[in-house]
Amino acid sequence: REFWGGWDKENISRGQLSAFMRLGLPTGLSSVVDWASGAVAGSFSGLLGSDVAAGQNVLNGLFALTYSTVSGFSTATQIRLARYLGEGKPEDAKRILRIGSSTLIGGGIIICIFVTYFHSKIWQIWTKDESVVAKCDSALYAFMAGVMMAYIRFTLTIVMSSLGPREAFINLVANNIAS
């Protein structure tokens, strides 16, 4: 409420819309690149056999669930970080970055520990096929490494997007190269 002045024509002006699009477009396209690259990889996994494609689908489903558990924290960190930077409060921004980074990385570690101990039960949510379970088990460490790298990248992405449109565009380019 402290920062909300209500709706008026200035909120929907060309300048406001342009400022929003300079930040929102690269951020949104980064998300498209992330999920599209996963979809393309999943499409090609079918060429390696139905067991590989099924295993890829199970791991993608698990990743989507784990991402859902931390995405709210990354969004909250980004919003607070941008707010404090915009208000000229770098120490508060650093504090929020430490809290957000710790939450994301800690969440990744908790998920990896959970998956390590309960992977056989987790796979059974999606399948009871032993060959698919074996494929998922064989990719367990790579999956956990991917989760941790993704959470680190989420942390870097929220920082870049919080800094401004130029940095959001740099993030988009880097994301395209990485994907």
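Residues numbered from 1 in each chain as written. Predicted model: local features only at pLDDT ≥ 70, side-chain atom pairs only at ≥ 80, totals over all residues. Heavy atoms only, no water.

Considerations on the overall build of the protein chain
Condition: What counts as a helix is a DSSP run of H or I of at least four residues, what counts as a strand is a run of E of at least two, and both are numbered from the N terminus. Between buried and exposed lies partly exposed: a residue is buried under 20% and exposed over 50% of the maximum accessible area for its type, with that area taken using a 1.4 Å probe on protein chains only. The contact criterion used is simple: two residues touch if any of their non-hydrogen atoms lie within 4.5 Å. Note on areas: Shrake-Rupley with a 1.4 Å probe; residue coverage comes only from the protein chains shown. Counting rule applied: Lys, Arg positive; Asp, Glu negative; His and chain ends not counted. For the purpose of locating charges, the reference atoms are NZ of Lys, CZ of Arg, CG of Asp and CD of Glu.
When you go through the protein chain residue by residue, the secondary structure sums to 6 helices and 0 strands. When its helices and strands are written in sequence order, the protein chain yields α-α-α-α-α-α. Seen through its C-alpha atoms, the protein chain measures out along the principal axes to roughly 60 × 30 × 30 Å. Every one of the 179 residues in the protein chain was classed for burial, and the buried ones make up 30%. When contacts within the protein chain are restricted to residue pairs at least 6 apart in sequence, those whose partners lie at least 24 apart make up 72%. Total accessible area on the protein chain stands at roughly 11,300 Å², and carbon and sulfur atoms take up 66% of it. Here the protein chain carries 15 positive and 12 negative side-chain charges, and the mean point of each set is 5 Å from the other.

Describing the confidence of the model for the protein chain
Definition in use: You can read pLDDT as the predictor saying how much it trusts each residue, on a scale of 0 to 100.
Predicted confidence across the protein chain gives a mean pLDDT of 85, with 97% of residues reaching 70 or more. Looking at the elements of the protein chain, mean pLDDT is at its lowest for helix H6 (residues 165-178), recorded as 81, and at its highest for helix H4 (residues 130-138), recorded as 93.

Focus on the side chain of Thr127
Summarising the element assignment, Thr127 is placed in the loop between helix H3 (90-126) and H4. If sequence neighbours within four positions are ignored, Thr127 has contacts with Val58, Val132 and Val133.

Let's talk about the layout of surface pockets
If you roll a probe as big as a water molecule over the atoms, it shows you where there is empty space left. Cut-off, in case you're wondering: Put simply, the grid is 1 Å and covers the protein atoms alone, a cavity is a trapped set of points that fit a 1.4 Å probe, a pocket is an open set with protein on both sides within 12 Å along at least five of seven lines, and lining residues have an atom within 4 Å of a point. Grid points are joined across faces, edges and corners, and a volume is the space filled by probe spheres set on the points. Under the convention adopted here, Pro, Cys and the residues Ala, Val, Leu, Ile, Met, Phe, Trp and Tyr are nonpolar, Asp, Glu, Lys and Arg are charged, and Gly plus all remaining residues are polar.
Empty space within the largest pocket amounts to approximately 1,100 Å³. Going through the elements one at a time, helix H1 (14-45), helix H2 (50-86), helix H5 (140-163) and H6 are the ones with two or more residues in the lining of the largest pocket. The greatest single-element share of the lining of the largest pocket, amounting to 11 residues, is contributed by H5. Residue composition of the lining of the largest pocket, by class: 16 nonpolar, 16 polar and 2 charged.

Thoughts on the packing of H1 against H6
Packed helix pairs are characterised by how far apart their axes lie and by the angle those axes make with each other. We count it as follows: An axis is simply a line fitted to the C-alpha atoms; with a helix, the fit covers only the stretch in contact. Between two such axes, the angle follows the N-to-C directions and lies from 0 to 180 degrees. For classification, angles of less than 35 degrees are called roughly parallel, those exceeding 145 degrees roughly antiparallel, those between 65 and 115 degrees roughly perpendicular, and all remaining angles oblique. Left-handed describes a crossing whose near helix is turned anticlockwise from the far helix by less than a right angle; the clockwise case is right-handed.
Taken N-terminus to C-terminus, the directions of H1 and H6 make an angle of 15°; their axes are 8 Å apart at the nearest point. As summarised for this structure, H1 and H6 are arranged roughly parallel, according to the angle between their axes. For the pair H1 and H6, the sense of crossing is left-handed. When H1 is examined against H6, the residues Arg22, Leu23, Pro26, Thr27, Leu29, Ser30, Val33 and Asp34 are found in contact with a partner set consisting of Pro165, Ala168, Phe169, Asn171, Leu172, Asn175 and Asn176.

A few points about the environment of Phe114
One can find Phe114 in helix H3. Separated by 12 residues in the primary sequence, Phe114 and Trp126 have C-alpha atoms spaced 17 Å apart. Aside from chain neighbours lying at most four places away, what touches Phe114 is His119 and Ile122.

Section: the pattern of salt bridges
Formally: We define a salt bridge as a contact between a side-chain nitrogen of Lys or Arg and a carboxyl oxygen of Asp or Glu at a distance within 4 Å.
As enumerated under the stated definition, the model contains 4 salt bridges in all. Here Arg83 makes a salt bridge to Glu87, at a shortest N to O gap of 3.2 Å. Using a relative accessible area of 35% as the deciding quantity, one classes Arg83 as partly exposed. Relative accessible area serves as the criterion here: at 29%, Glu87 is assigned to the partly exposed category. Taking the shortest distance from any N to any O, the salt bridge between Asp92 and Arg95 comes out at 3.9 Å. Here the residue Asp92 and the residue Arg95 both occupy positions in helix H3, the gap between them amounting to 3 residues, near one helical turn.

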